[in-house]
Structure formats: structure tokens, C-alpha cells
Amino acid sequence: MSLDEIDRIAASLDRVLWVAFTGGEPFLRKDLPEFAGILHDRLRPVTLSINTNGIQTDKIVAATEQLLARCPDTFVGILCSLDGLQPTHDRIRGVPRNFERTIETFRALKKLRDHAPNLGVGITTTFCSWNQDEMDDMFELVVRDLKPDNWDLSFVRGQAMEPALELADVAKYRRIKSRLEQAYASGDLRYYSNMPLARFVHAKERLSTRTVLKTLETGSFQTPCYAGALSAVISEEGDVYPCELLNRKIGNLRDAGYNFKALWAADNARDTRTFVRESKCFCTHECNMSINLLFNPAAYPRIVAEMALEAAGNSLSSRPKSLPGLVPAPLAPQARATLTREADIRAPVRSPASRKS
């Protein structure tokens, strides 16, 4: 979509809390700073996040500098994907020297952060069967050496290109997540210390992790989902979905005259919300789980309790242990996404050259 189209869509929206760019590789879009600037001016988001494979260091750093200048009133979080140690990461990504380039990009962005008060730089990792047995070494690399503002460690979900990736051990995931929370509690890591309401947001993320673990262990619904009501995914061609996993298209913004509100109020959108609510649709997608807890007043006492637990230095290990064994995520049959092929995740940030045929 062109910048003019994006501006017309943004003009039809009210203020939003959070905008996330994914892809594909968002930094392949040469006008990404201008794209972000439109959303900054029109929607005034509190937070804007961008995931990157980190391959093109110079281009990513230069675009980030421009983006920060264009979005002075928004906290910008850049997450570099790191899915294992060098052999594992490059095997999963299928790109020689990807690991080396990602580390280089991460360190360059951290230097930029020292002079940019509204920038946070993190690492994102998908926990799967190929990397689960090197998590202790990953912990040393990420926590002791790289020291990111956040380590976003998510359990593999959906339908991977390589089915064996899905056979990840939930007990091992709980163990490394517990170590990670201990690192935050001890001060070895500081969760986006310059982000607005960071302590509250991190407590919500702790509760989100507990809820995801319970979902994995029981294979059952845990909390109402607000996908299609409070959040949406827009593809690079203007298609609107309730989330990244549910393959239920609400409509197309070009067909709707770029009027998001009109599309969101149409029958198909209402039917989608009814389906999500009545089917008790559930998954382990951390972004959706985060929204489900943040906007559910019933979760607030538990979020406050997580703040107290963290202040007391307690980690996720203070809860009942997880079930052992190999557990492919037991998701509802309609919940499908490709975890290792980022181009299948729908967001309007791909360059024309990166679109699927």
C-alpha cells in the first residue's frame, strides 16, 4: 500500500495504544520512517514496535534514526530476532551469517539507544525443539553479554514449515522463562526501563506467561479473547483480520474506501467477534494474550500481585510446575500460522519486492 493509502486509513481511525510492524522484513520498505510518521501524527500511539531479522545493519540503523526523529512522542521498540546460537539460528533462518549480522545490528542499535530516550532494543526468540536444549547457553549470551532491554521468548505456535519444530518441551520452556524472570527481578535485565508504565506492563507480561503456560499444559480456554474487537491485523494489500492466527478475513480496506471504522462496524466484523466470543477461541499468541489481560478488569488484581511478586524477587518458579513431556501446542483447529516463515505473518510493511507470488 502506498503512503497516501496508509494516510487515508489512519485518518479514519481514532487514537491507538500500540502499533506493531512485522512482515516479511519491515526495514525492506524504504519509506518505513515516513510510514511510521503518518501513524505517529494521526494515531499518536504510546508504543510502536518493529521486529527485524537484523541482516542489513547499516540500512536498519539509518532507518531507525530517521524513524525516531519522525516519531518523537512515541516509544519505539526494535526487536532483533535470534532463534538460537549461531548454527541453530542460521539453520532456522536459512541465511548464512544471519546470526553474526543480527548481533552486529543489535549492538549498533544499542549504541543508538544511548542517545535516544524513546528507543528500546530487545531480542525476540521463538522457543522450539531445535533450540530448547541450548537455552542455558542462550541465557548467557543474551542476559550476560547482550543485555537487551527485553528478551521476548515465545513458545512455538501454529503450523511450522518443519513440523518437528513444534515438538517443544513445556517443562523446559517454563524453566528458562523462570530464569529470565529471575534476571529481571535481580536487576540483571531491566524491562524497557524508559518505556511508559514499564513496571505495570512487565507485570502484565509475567501474568501473560503464566496464562500461556496453563494453556499449553491444559490445552483449554483460559481468558476471553478480544481479537477482532480491540485489535486487528492489516496486510500489505489492505486485508483486515482479527489476528495473525485466525484465517477469517473481515474485509479489504481498499474495497471499503479506506474507511476502517466502516469496515469494523460491518456485518462480517460483527460475525467474527461473535465467533471468537461464542467459540471461546484461544491460542498461545503472547501479543493477543497481552491484550486480553490488559483490557480485562478481572485480571487487574493478578497484575498487581505480579508487581508485588517481582518486587519481592519471586519468579515464575513460585507457581506449580509444568507438565513434562513433548507437547505440540494443542490449539483450536482454526488457529494456524507459520512460525519460521515470517512472510506469512500479515502486516502492511512489505516492500513490493518481498510480496509472495
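Attention in this report is confined to the structure presented alongside it. (Residues numbered from 1 in each chain as written. Predicted model: local features only at pLDDT ≥ 70, side-chain atom pairs only at ≥ 80, totals over all residues. Heavy atoms only, no water.)

### Concerning the pairing of strand β2 (residues 47-52)
Thinking step 1. With 5 of its 6 residues buried, β2 lies for the most part within the structure.
Thinking step 2. The pairing of strand β1 (residues 18-21) with β2 spans 4 bridges and is classified as parallel. Residue pairing in the sheet places Ala20 in a bridge with Ser49 of β2.
Thinking step 3. Running through helix α2 (residues 32-43), the crossover from β1 to the neighbouring parallel element β2 is right-handed.
Thinking step 4. Alignment of β2 against strand β3 (residues 75-81), held across 6 bridges, turns out to be parallel. Within β3, the position partnered with Leu48 by the bridge is Val76.
Thinking step 5. Crossover connection from β2 via helix α3 (residues 57-70) to parallel β3: handedness right-handed. (Buried < 20%, exposed > 50% of the residue type's maximum accessible area, 1.4 Å probe, protein only. Helix = DSSP H or I, 4+ residues; strand = E, 2+ residues; numbered from the N terminus. Pairing = 2+ DSSP bridges. Right-handed = clockwise from strand over helix to strand, strands pointing away.)

### Here's the deal with the packing of aromatic side chains
Thinking step 1. Counted by the stated rule, this structure contains 5 aromatic pairs.
Thinking step 2. Seen in terms of ring centroids, Phe127 and Phe155 are 5.8 Å apart; in terms of plane orientation they differ by 25°. Their pairing is stacked. Highlighted residues: Phe127 in strand β4 (residues 119-127) and Phe155 in strand β5 (residues 151-155), separated in sequence by 28 residues. Here the two residues Phe127 and Phe155 agree in accessibility, since each one is buried.
Thinking step 3. Geometry around Trp130 places Arg91 over its ring, the cationic atom sitting 3.5 Å from the centre.
Thinking step 4. Its guanidinium or amino end placed over the ring of Phe139, Arg179 lies 3.8 Å from that ring's centre, counting from NZ or CZ. (Phe/Tyr/Trp six-rings, centres within 6.5 Å; stacked < 30°, edge-to-face > 60°. Lys NZ or Arg CZ within 6 Å of the ring centre and 35° of its normal.)

### Concerning unusual backbone geometry
Thinking step 1. Note the cis peptide between Gly23 and Gly24, where omega equals 5°.
Thinking step 2. Relative to the elements of secondary structure, Gly24 occurs in the loop between β1 and α2.
Thinking step 3. Not every positive phi belongs to a glycine, and Arg97 is a case in point at roughly 65°.
Thinking step 4. With respect to the secondary-structure elements, Arg97 resides in the loop between α4 (86-93) and α5 (98-113).
Thinking step 5. Of note, Tyr258 is a non-glycine position whose phi angle comes to about 65°, a positive value.
Thinking step 6. Within the secondary structure layout, Tyr258 lies in the loop between β8 (251-252) and α9 (260-264).
Thinking step 7. Under the relative-accessibility criterion, Tyr258 is labelled buried at 13%.

### With respect to the side chain of Asn252
Thinking step 1. In this structure, Asn252 sits in strand β8.
Thinking step 2. Within polar-contact distance, the side chain of Asn252 engages the backbone nitrogen of Asp255 at 3.2 Å. (Polar contact = N/O pair within 3.5 Å; in protein donor to acceptor, adjacent residues only side chain to side chain.)

### Section: the pattern of salt bridges
Thinking step 1. Inspection of the entire model under this criterion finds 24 salt bridges.
Thinking step 2. Across the pair Arg93 and Asp83 runs a salt bridge whose closest N-O atoms are separated by 2.7 Å. On the criterion of sequence distance, the pair formed by Arg93 in helix α4 and Asp83 in the loop between β3 and α4 is long-range, its members being 10 residues apart.
Thinking step 3. Across the pair Glu140 and Arg179 runs a salt bridge, and its minimum N-O distance is 3.7 Å. In this pair, Glu140 sits in helix α6 (residues 135-146) while Arg179 sits in helix α7 (residues 170-186), placing the two residues 39 residues apart along the sequence.
Thinking step 4. Given the relative accessible area of 38%, Glu140 is considered partly exposed.
Thinking step 5. Overall, Arg179 belongs to the partly exposed group, its relative accessible area being 22%. (Salt bridge = Lys/Arg side-chain N within 4 Å of Asp/Glu carboxyl O.)

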